[in-house]
Amino acid sequence: MNQIHGVGIGLGVAQGRVARMSGPLALPTEEPSAIGAEAEAARAREAVAAVARELEARGQVAGGAARDVLEAQAMMAEDPALEAEVTTRLSTGRTAEWAVADAFASFRDQLTAVGGYLGERAADLDDVAQRVIAHLRGVAAPGVPDPGHPFVLVATDLAPADTALLDLDQVLALVTSEGGPTSHTAILAREKGIVAIVGAADAAGLADGETVIVDAAAGVVITDPSAEELTRAQHRADARAAAASAPLTPGALADGTAVPLLANLGSPDGAAEAVALGAEGVGLFRTEFLFLSSQNAPTVAQQREAYEKLLAAFRGRKVVVRALDAGADKPLAFLNDAHEENPALGLRGLRALRANEDILREQLTALAEADAAVAATGEAADLWVMAPMVATVSETRYFVALAREYGIRTAGVMVEVPAAALLADRILRDADFASIGTNDLTQYTMAADRLLGSVASFQDPWHPAVLRLIRATGDGGAAGGKPVGICGEAAADPLLAVVLVGLGATSLSMAPTALADVRQSLKTHSLDDARRIAEAALAADDAASARAAAQAAASLR
Ligand code: PEP
Ligand code: MG
């Protein structure tokens, strides 16, 4: 069997040669040098300079914020104080590899102790040290490989920073052996439109240079493909590229029922692309993504700048901003300082904000100020603000009342905890709207960590238990005449998107790259169809049969 199974992200298909992401290098041992201190010092100097030049060159290519980060790393690598630390260690007769590892580690500890901006940069030194040691050993630096041709990147998992810096002209597809469909690696892959398969445990056996087909729609990596398989995959890729250039009409079902199609964004920088792909607004702005590497809470001014940029890009359109969702897979140093055994069940989301109310108040201040500033220079955006990880009616009341204090006109909650879904009718008496986060709702319904590859099969929003909770939320919205959007990854699955509308969702928000497929799928079903397809899925016993039942019902049109 030439297939490796995993969880596909999106509907893309790509083919190419594998390049594996290398893991961290083994630490150098303290063995004595065979060539003497002076020769070792020359090796160390040459390696540091080579790495600094390479970082600068990579920065030039990446441009923008990445260039600043990489240039700062290059400067740090050549800091004279660091060179002195290396030289001191070499005088004890050790190798350049060991002296670099030890000196960089001690320099990192010193920076961490200083704290503030320098402290924040300290972790970057580990990456630079690994690059210098790799250069000294004559091996590839750990991290994203550079085989000199476009490649299929195979990794155990990727840090968000790795994914953010991927060169999309080089990376044809991404395959990870760990991670679930709603891990933030998967979310970022979707945001960048990378053909990806995660949680493919057997991908660990793929070798550098071998040709594979990555079929995200089917969730399989085909190894040793035949010429015919390669041609078929190419035709599919070409057809999908053609669909992506279809007209950007507003989201609607076949009978004309409007289903606004909105974008999930993690930075205002993605706004222009979202608009270009036909986003009718923003359904989820993940504010915590702006501050993942900050040690201290962002200032009101810092936040206002980002929010203003976002709102100005969507004048006259709806923009749903989520208050900081810190904790579990997205810890923020300034909100989650306590160790918790089960952070996903801990002080995260609104719970963490409530425990640090000054931070929540500052965020609401920044949002209200940004809204007013944009309104003062032309048409305003329609700002909606929502709280993450709400579990109770009293949390809803707390958040809505606080938001109103700052003049936020439309305040709502995310439904990500089964308790909130089951009590949606009561919650929606106080909240102006609900937005269902199917990633966490699935995680909490199925008791399956969304980051864990070993339980990825439970992390399936098609599960009828999850669908019932979505229906309960949709019913709660309909009873009170309040909108219920979807902003989890489920909305990006074209067939599931139809089911979600059948269950009562009034808008769908997703990575902008998924908009074209979902727009197309909605157009082929009426509201009656959507309800019938949803009933078929709800009646199934498990996720796989729900998907199959929906497929069968959808083809009965
Ligand atoms: C969700 O849980 O579905 C969601 C949209 O929020 P996040 O993925 O950022 O936790
Ligand atoms: Mg969530």
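Residue numbers here run from 1 along each chain, matching the order of that chain's written sequence. Whichever chain is written first becomes A and whichever ligand is written first becomes 1, with later ones labelled in order. In keeping with the predicted nature of the model, local features appear solely for residues at pLDDT of at least 70, side-chain atom pairs appear and are counted solely at 80 or more, and the whole-chain, interface and lining totals rest on all residues. Side-chain metrics in this entry use all non-hydrogen atoms of the structure; hydrogen atoms and water are not considered.

### Digging into the pattern of salt bridges
Phase 1: A pair is scored as a salt bridge if a Lys or Arg side-chain nitrogen falls within 4 Å of a carboxyl oxygen belonging to Asp or Glu. Throughout the structure, instances matching the rule amount to 29 salt bridges.
Phase 2: As a salt-bridge pair, D440 and R348 come within 3.4 Å of each other at their nearest N and O atoms. Placement of the pair is D440 in helix α16 (residues 438–446) and R348 in the loop between β11 (318–322) and α11 (350–355), with a sequence separation of 92 residues. This pair shows no difference in class: D440 is buried, exactly as R348 is.
Phase 3: Notably, a salt bridge pairs D432 with R404, separated by 3.0 Å at the nearest N-O pair. Here R404 lies in helix α13 (residues 393–405) and D432 lies in the loop between α15 (424–430) and β14 (434–436), a separation of 28 residues in the sequence.
Phase 4: Here the term buried applies to any residue with accessible area under 20% of the maximum for its type, exposed to any over 50%, and partly exposed to those in between, with areas from a 1.4 Å probe on protein chains only. For D432, a relative accessible area of 19% puts it in the buried group.
Phase 5: When its relative accessible area of 36% is taken as the criterion, R404 is described as partly exposed.
Phase 6: Residues participating in the shared-partner salt-bridge network are E288, R322, D325, D329, K330, R348, D440 and R450. Think of it this way: any DSSP run of H or I at least four residues long counts as a helix, any run of E at least two long counts as a strand, and we number them from the N terminus.

### Some remarks on the domain arrangement of the protein chain
Phase 1: In terms of domains, the protein chain is made up of domain 1 (2–23 + 143–239), domain 2 (37–137) and domain 3 (255–554).
Phase 2: Whether two residues touch is decided by their heavy atoms; if any such pair falls within 4.5 Å, the residues are in contact. Every contact between the two is made by 14 residues of domain 1 and, on the other side, 18 residues of domain 3.
Phase 3: The junction of domain 1 with domain 3 conceals about 1,400 Å² of combined surface from both sides, 61% of it contributed by carbon and sulfur atoms.
Phase 4: Polar contact is the term for a pair of N or O atoms within 3.5 Å; when the atoms are in protein, one must be able to donate a hydrogen and the other to accept it, and sequence-neighboring residues count only if both atoms are side-chain atoms. Inspection of the region where domain 1 meets domain 3 yields zero residue pairs in polar contact (both at pLDDT 80 or more).
Phase 5: In terms of residues, the side of domain 1 that touches domain 3 owes the most to one element, helix α7 (residues 184–191), which gives five residues.
Phase 6: Class assignment for the residues of the side of domain 1 that touches domain 3 results in five nonpolar, six polar and three charged. Here the limits of each domain have been adopted from an automatic or database domain assignment. Buried area is a sum: the accessible area each of two parts loses on coming together, probed at 1.4 Å, counted once for each and added. When residues are grouped by polarity, Ala, Val, Leu, Ile, Met, Phe, Trp, Tyr, Cys and Pro land in nonpolar, Asp, Glu, Lys and Arg in charged, and all others, Gly among them, in polar.

### Examining the sheet that holds strand β3 (residues 13–20)
Phase 1: Paired strands, in this sense, are two strands between which DSSP finds at least two bridges. With mixed pairing, eight strands are arranged side by side in an open sheet as β1-β8-β7-β3-β4-β5-β6-β2. At either margin of the open sheet sits one strand with a lone partner, and together these are β1 (3–5) and β2 (7–9). Mean inter-strand twist for the sheet, computed between neighbouring axes without regard to direction, equals 30 degrees. Here an axis means a line fitted to C-alpha atoms, over the contact stretch when the element is a helix, while the angle between two N-to-C directions is reported on a 0 to 180 degree scale.

### Looking at the coordination of the magnesium ion (ligand 2)
Put simply, the ideal angle at a metal is 109.5 degrees for four donors in tetrahedral geometry and 90 or 180 degrees for six donors in octahedral geometry.
Phase 1: Only E416 (OE) and D440 (OD) from the protein coordinate the magnesium ion (ligand 2), and they sit 2.0 Å from it. Here the residue E416 occupies a position in the loop between β13 (410–415) and α14 (418–422), and D440 occupies one in helix α16, the gap between them amounting to 24 residues. Neither residue differs from the other here; E416 and D440 are each classed as buried. For Na, K and Ca the donor cutoff is 3.2 Å, while for all other metals N, O and S atoms count as donors only within 2.8 Å; water does not appear among the atoms, so some sites may look incomplete.

### Quick look at the pairing of strand β12 (residues 382–387)
Phase 1: With five of its six residues buried, β12 lies for the most part within the structure.
Phase 2: Bridging between β11 and β12 involves five bridges; their strand directions are parallel. Bridged to K318 within β12 is D382.
Phase 3: Here four bridges tie β12 to β13, and the two strands are oriented parallel to one another. Within β13, the residue paired with M386 across the bridge is G412.
Phase 4: Crossover handedness for the path β12 to α13 to β13: right-handed. If you view a crossover with the strands going away from you and the path from the first strand over the helix to the second runs clockwise, you call it right-handed.

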